Amino acid sequence: MNKPAAGFSHADLSRGEMLQIMIGLGLAMLLSALDQTIVATALPTIGQDLGDFEHLPWIVTAYLVAATALTPLYGKLADIHGVRVMLLIGIFTFVLGSLACAVSPTLTLLAIARAVQGAGGGALIALAQTIIADLVSVRERGRALTYFSVVFAGASVGGPILGGVFAEYLHWSLIFWINLPLGLAAFFMTYFKLARLPLRRHPHRVDVGGAALLVIASVASLLALSWGGVRYPWGSAPILAMLATALAGWAIFAWRTKTAEEPLIPLAVLADDVIRNAILAGGFGLGTFVALTMYMPIYFEGALRLSADQSGLALIPLTVATVTGATISGRLLGRVRHYKAAPLTALVLAFVALLAARQFLADLPLAALDALLAIVGLGVGAMLPVTTVCVQSAAPGHNLGTATAVMQFSRQLGAALIVAIMGAIVIGAGHGALVAEAATRADVEALRETFRTAFLVGAMFIALCFFFLARMEERNLHGEG
């Protein structure tokens, strides 16, 4: 079981120092979480201002690909060189990329700058969680992680609103300029206070070949998932070529992982029952949540005729419930022996809620639909701190950063996969229903029918999340003081 560094505990830090570290880590997480939501509502304005709509999806894709592909590499480097230095490098790279985004005169340069941003963003969430694991005991870790759930809820709700306000009333570049003061604050708060933490280094070697294969496979997978059915038909040559590259890349990476003397992702990490099942449960659960936050506004605006700002407000029950579920589950981690009972029960309720939404969608008023979505949020939220803490407690200390990064990588990849599947279901029907002046009753009913399918698919993913969490061994987390 992983423990904080020997001879050190949070008791060695004053309350003020602990608060500053937590705020600094929260700001680092906020940078990554906010940047994945604030851009969406500004995209039309950016395309108009830079005179390029055709390549607009690259603004989102470039960040997502870079951040996801580099997350496991950051975890390995953190185990080698120390998590503090790698987090600071990630923050610095992110801020540098943000500055380049803000001053980019063309969309091509903006996409390149977004890739630089993503290269830094891949470090922020995973390494912040690793530092928490170094700082506090397993018993307290669940409660510590729940504090950061507020960050993700705020980013999910506030990001689209803030991006829209900046783009409509001020200037779209402010969505990147805002990262400079936030990033610098995170950098300096963590730079000085994290120096108090013990330096945890281990004599690893970086598997450069394995890292290159992981990047190639991840990039090809994410491009295929992002562009399939949107930029190119699923059966087109570009998508088939990317899928073939992805399959070949993953196959060779799996072979490399089995044969390399020290692979990028050690087999001992993936072979552990707790780690393997926890990362699968997290990928399916969080992916379903992300897909709902991205596509429910299409239903709100297309079927219920809400405005854009009303649609954002209608998402609040889902995101707040996720924070609530994470808070309750995280606090129970330090108090009960059978800590899986609460998230498993909540996931069953989430599964039933999605089936109920599918069955009664045509008759559900907004309040009732929001109540069902809140139940889904409770289920996903209750699962997240349990899987995070279990992965970190199961990982040996010399692989803590790697295991945490692999967990975050699987969640991002799972989110991309489920978002692509949900998008293929709802995007086409949503286009007709969102044109308010021309939308017909048939358009609205077609949209409802696609969301019935989407809710059924979402229920299946929640069932998979339940399955892997139920399979995960419930080890004793209370063995340390």
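Details of the structure are given in the entry above.
What comes next is a walk through the structure. (Residues numbered from 1 in each chain as written. Predicted model: local features only at pLDDT ≥ 70, side-chain atom pairs only at ≥ 80, totals over all residues. Heavy atoms only, no water.)

**A few points about the overall build of the protein chain**
Stage number 1. Looking only at helices and strands, one finds 19 helices and zero strands in the protein chain.
Stage number 2. Put simply, the protein chain has 481 residues, and 57% of those count as buried.
Stage number 3. At a minimum sequence separation of 6, the contacts of the protein chain that also span at least 24 residues come to 85%.
Stage number 4. When the accessible surface of the protein chain is totalled, it reaches about 19100 Å², and 69% of it is carbon and sulfur. (Helix = DSSP H or I, 4+ residues; strand = E, 2+ residues; numbered from the N terminus. Buried < 20%, exposed > 50% of the residue type's maximum accessible area, 1.4 Å probe, protein only. Contact = heavy atoms within 4.5 Å. Areas by Shrake-Rupley, 256 points an atom, 1.4 Å probe, with all protein chains shown as cover.)

**A word on the packing of helix α13 (residues 273-302) against helix α19 (residues 441-471)**
Stage number 1. Close contact between α13 and α19 brings their axes to 8 Å; oriented N to C, the two are set at 165°. Between α13 and α19, the crossing angle belongs to the class labelled roughly antiparallel. With respect to the hand of their crossing, α13 and α19 are arranged in left-handed fashion.
Stage number 2. A breakdown of the residues in the contact of α13 with α19 according to their chemical character gives 18 nonpolar, five polar and three charged. (Axes fitted to C-alpha atoms, helices over the stretch in contact; angles between N-to-C directions. Parallel < 35°, antiparallel > 145°, perpendicular 65-115°, else oblique. Left-handed = near helix turned anticlockwise from the far one by under 90°. Nonpolar A, V, L, I, M, F, W, Y, C, P; charged D, E, K, R; others polar.)

**Examining helix α10 (residues 208-227)**
Stage number 1. Taking 1.5 Å per residue as the helical rise, α10 with its 20 residues ought to reach 28 Å, and the 28 Å between its terminal C-alpha atoms agrees with that figure.
Stage number 2. One or two positions beyond α10, positive phi appears at glycine 229, with a value near 80°. (Expected span 1.5 Å × (residues − 1).)

**A closer look at the environment of valine 457**
Stage number 1. On the secondary structure map, valine 457 appears in helix α19.
Stage number 2. Counting along the chain gives 36 residues from valine 457 to isoleucine 421, while the straight-line C-alpha distance between them is 8.8 Å.
Stage number 3. Setting aside residues no more than four positions away along its own chain, valine 457 makes contact with Ile421 and Ile425.

**Some words on the nonpolar core**
Stage number 1. By size, the foremost hydrophobic cluster in this structure holds 81 residues, and its most contacted members are Met296, Tyr299, Phe300, Leu369, Phe451 and Phe455.
Stage number 2. Breaking this core down by element, the ones donating at least two residues are α10, α11 (237-259), α13, α15 (316-333), α16 (341-360), α17 (366-394), α18 (400-434) and α19.
Stage number 3. Looking at this core element by element, the count peaks at 14 residues for α13.
Stage number 4. Not counting residues within four places of it along the chain, the set of residues in contact with tyrosine 299 comprises Leu304, Leu361, Leu369, Leu447, Arg448 and Phe451.
Stage number 5. Core analysis: the next-biggest nonpolar cluster, separate from the first, contains 33 residues, Leu27, Tyr63, Val151 and Leu194 among them. (Core = buried A, V, L, I, M, F, W, Y, C linked by side-chain atoms within 4.5 Å.)

**Regarding the side chain of lysine 340**
Stage number 1. Assignment of secondary structure puts lysine 340 in the loop between α15 and α16.
Stage number 2. Look at lysine 340: it is buried, it has no salt bridge, and the nearest opposite charge is glutamate 474 at 5.6 Å.
Stage number 3. A polar side-chain atom of lysine 340 sits 2.5 Å from the main-chain carbonyl oxygen of methionine 472.
Stage number 4. Among all residues touching lysine 340, those that are not within four sequence positions of it are Leu469, Ala470, Met472 and Glu474. (Lys, Arg positive; Asp, Glu negative; His and termini not counted. Salt bridge = Lys/Arg side-chain N within 4 Å of Asp/Glu carboxyl O. Polar contact = N/O pair within 3.5 Å; in protein donor to acceptor, adjacent residues only side chain to side chain.)

**Some details on the packing of helix α3 (residues 58-81) against α10**
Stage number 1. Taken N-terminus to C-terminus, the directions of α3 and α10 make an angle of 150°; their axes are 9 Å apart at the nearest point. By the angle between their directions, the pair α3 and α10 is classed as roughly antiparallel. Considering only the axes of α3 and α10, their crossing is right-handed. For the pair formed by α3 and α10, the contact residues are Trp58, Thr61, Leu64, Val65, Thr68, Ala69, Leu70, Pro72 and Leu73 on the first element and Ala211, Leu214, Val215, Ser218, Val219, Leu222, Leu223, Ser226 and Trp227 on the second.

Read these as geometric descriptors, not functional statements.
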